[in-house]
Amino acid sequence: MIKTWAKKLLYITLAIVILAICVNMFLGPHNIAAGGLTGLAIILEEWLGISRTMVILIGNGALLVVTFIFLGREVFINTIIGAIMLPLVIGIIPQYTLIADRMLSMVVGSAVFGIAVSILYFNNASSGGTAIPPLIFKKHFNLNTSIGLFFTDGVVVLLSLWVFDVDAFFYAITSIFITSAAMNYIENGTNKKKMVYIISDLYESISKDIMHDIGRGVTIIPAMGAFEQKEKPMLMVTMDTRNYQKLLGIVNKRDPSAFMITDTVSDVHGRGFTYESGSV
């Protein structure tokens, strides 16, 4: 238990440090308020002279109450850690222009920002701020967190148009797209699988080769062609992308005229994918 919490705390701390670096060294120096409480802090610091640390600290305090009500005790505890750490770390890390080119700084900072937020979400935590509403949308409405973050950050971006110039406004919009894309890839893109449907008269030998050579289970589904009104077994197999070429080799070897449909799926749960088993 202690080891698990220590590991989670390490990941949360790492993510918070990365977020702070993105704000103080990539986005903030170029007045890119790409949504979130950190974006609001950049706007208010420029507009009213209120320090970023103070804005984030007060905002997170209010949102912690919402977290406890809608997300429960565990996320509340994890969020307390991030909500307190973020303003402190932002206050410690210097505000420095690491990349002079505004476009390059925005692209790099936004992508890394998305990765850091995903690390927090994977650990059922957040840095507070507008990272909390997407978690609520995910839990209660099954809305992807990257999409939820995009909508909640839109409000802050509109404020940047009032305080900064038009260029900063469009940079902020682009930044949100990049952050959302990075999060979406981290959440879904790294777990892509191939789902293949095969119709062949030699389905028995093909299925045996798949199970023996690739080590994946095969499902036999009864199928009927509308033209011939003749029933033919159809094989369904799901596998890692790296094994797809091996599957093609098996099918071409056994039956070059076999009919195949291949689709890419972003998430697979069950035996052989989300937990290990002695047999597939």
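Residues numbered from 1 in each chain as written. Predicted model: local features only at pLDDT ≥ 70, side-chain atom pairs only at ≥ 80, totals over all residues. Heavy atoms only, no water.

Student: How should I be thinking about the environment of isoleucine 115 in this particular structure?
Tutor: Considering the arrangement of structural elements, one finds isoleucine 115 in helix H4 (residues 102–122). Residue classification places isoleucine 115 among the partly exposed residues on the basis of a relative accessible area of 38%. Separated by 69 residues in the primary sequence, isoleucine 115 and asparagine 184 place their C-alpha atoms 9.5 Å from one another. (Helix = DSSP H or I, 4+ residues; strand = E, 2+ residues; numbered from the N terminus. Buried < 20%, exposed > 50% of the residue type's maximum accessible area, 1.4 Å probe, protein only.)

Student: In this structure, what is going on with the packing of helix H1 (residues 2–27) against H4? I would like to understand it.
Tutor: Two packed helices can be described by the angle between their axes and the distance between those axes. Where H1 contacts H4, the two axes come as close as 9 Å, and the packing angle between them is 160 degrees. With respect to each other, H1 and H4 are oriented roughly antiparallel. Note that H1 runs across H4; the crossing there is left-handed. Along its contact with H1, which presents Tyr11, Ile12, Ala15, Ile16, Ile18, Leu19, Cys22, Val23, Met25, Phe26 and Leu27, the element H4 presents Ser105, Met106, Val108, Gly109, Ser110, Val112, Phe113, Ala116, Val117, Ile119 and Leu120. Of the residues belonging to the contact of H1 with H4, the class tally is 19 nonpolar, three polar and no charged. (Axes fitted to C-alpha atoms, helices over the stretch in contact; angles between N-to-C directions. Parallel < 35°, antiparallel > 145°, perpendicular 65-115°, else oblique. Left-handed = near helix turned anticlockwise from the far one by under 90°. Contact = heavy atoms within 4.5 Å. Nonpolar A, V, L, I, M, F, W, Y, C, P; charged D, E, K, R; others polar.)

Student: When you look at the pairing of strand E2 (residues 219–224) in this model, what are you seeing that I'm missing?
Tutor: Both faces of the sheet carry side chains from a regular strand, because those side chains alternate between them. Direction of pairing for E2 relative to strand E3 (residues 231–240): antiparallel, over a ladder of six bridges. The partner of threonine 219 across the bridge, within E3, is methionine 236. What sits between E2 and E3 in their antiparallel hairpin is a turn of six residues, with glutamine 229 showing a positive phi close to 55 degrees. (Pairing = 2+ DSSP bridges.)

Student: I would appreciate a short explanation of the environment of isoleucine 43 in the present structure.
Tutor: Checked against the element boundaries, isoleucine 43 lands in helix H2 (residues 36–47). Classification of isoleucine 43 by relative accessible area gives buried; the value is 1%. Remark: the alpha-carbon pair of isoleucine 43 and threonine 13, spanning 30 residues in sequence, is separated by 25 Å. When sequence neighbours within four positions are dropped, the list of residues in contact with isoleucine 43 reads Ala33, Val156, Leu159, Ser160, Val163 and Phe164.

Student: Help me understand the confidence of the model for the protein in this model?
Tutor: In regions of low pLDDT, the predicted coordinates are not meant to be interpreted in detail. Confidence along the protein averages 84 in pLDDT terms, with 92% of residues attaining 70 or more. Taken together, the stretch residues 275–280 has pLDDT below 50 and engages in seven contacts with residues farther than four places along the chain or on a different chain. (pLDDT = per-residue confidence, 0-100.)

Student: I would appreciate a short explanation of the pairing of strand E1 (residues 193–199) in the present structure.
Tutor: Taken together, the seven bridges between E1 and E3 define a ladder with antiparallel strand orientation. Bridge pairing in E3 places isoleucine 199 opposite methionine 234. Relative to strand E4 (residues 259–265), E1 runs antiparallel, the two sharing seven bridges. If you follow tyrosine 197 over to E4, its bridge partner there is isoleucine 261.

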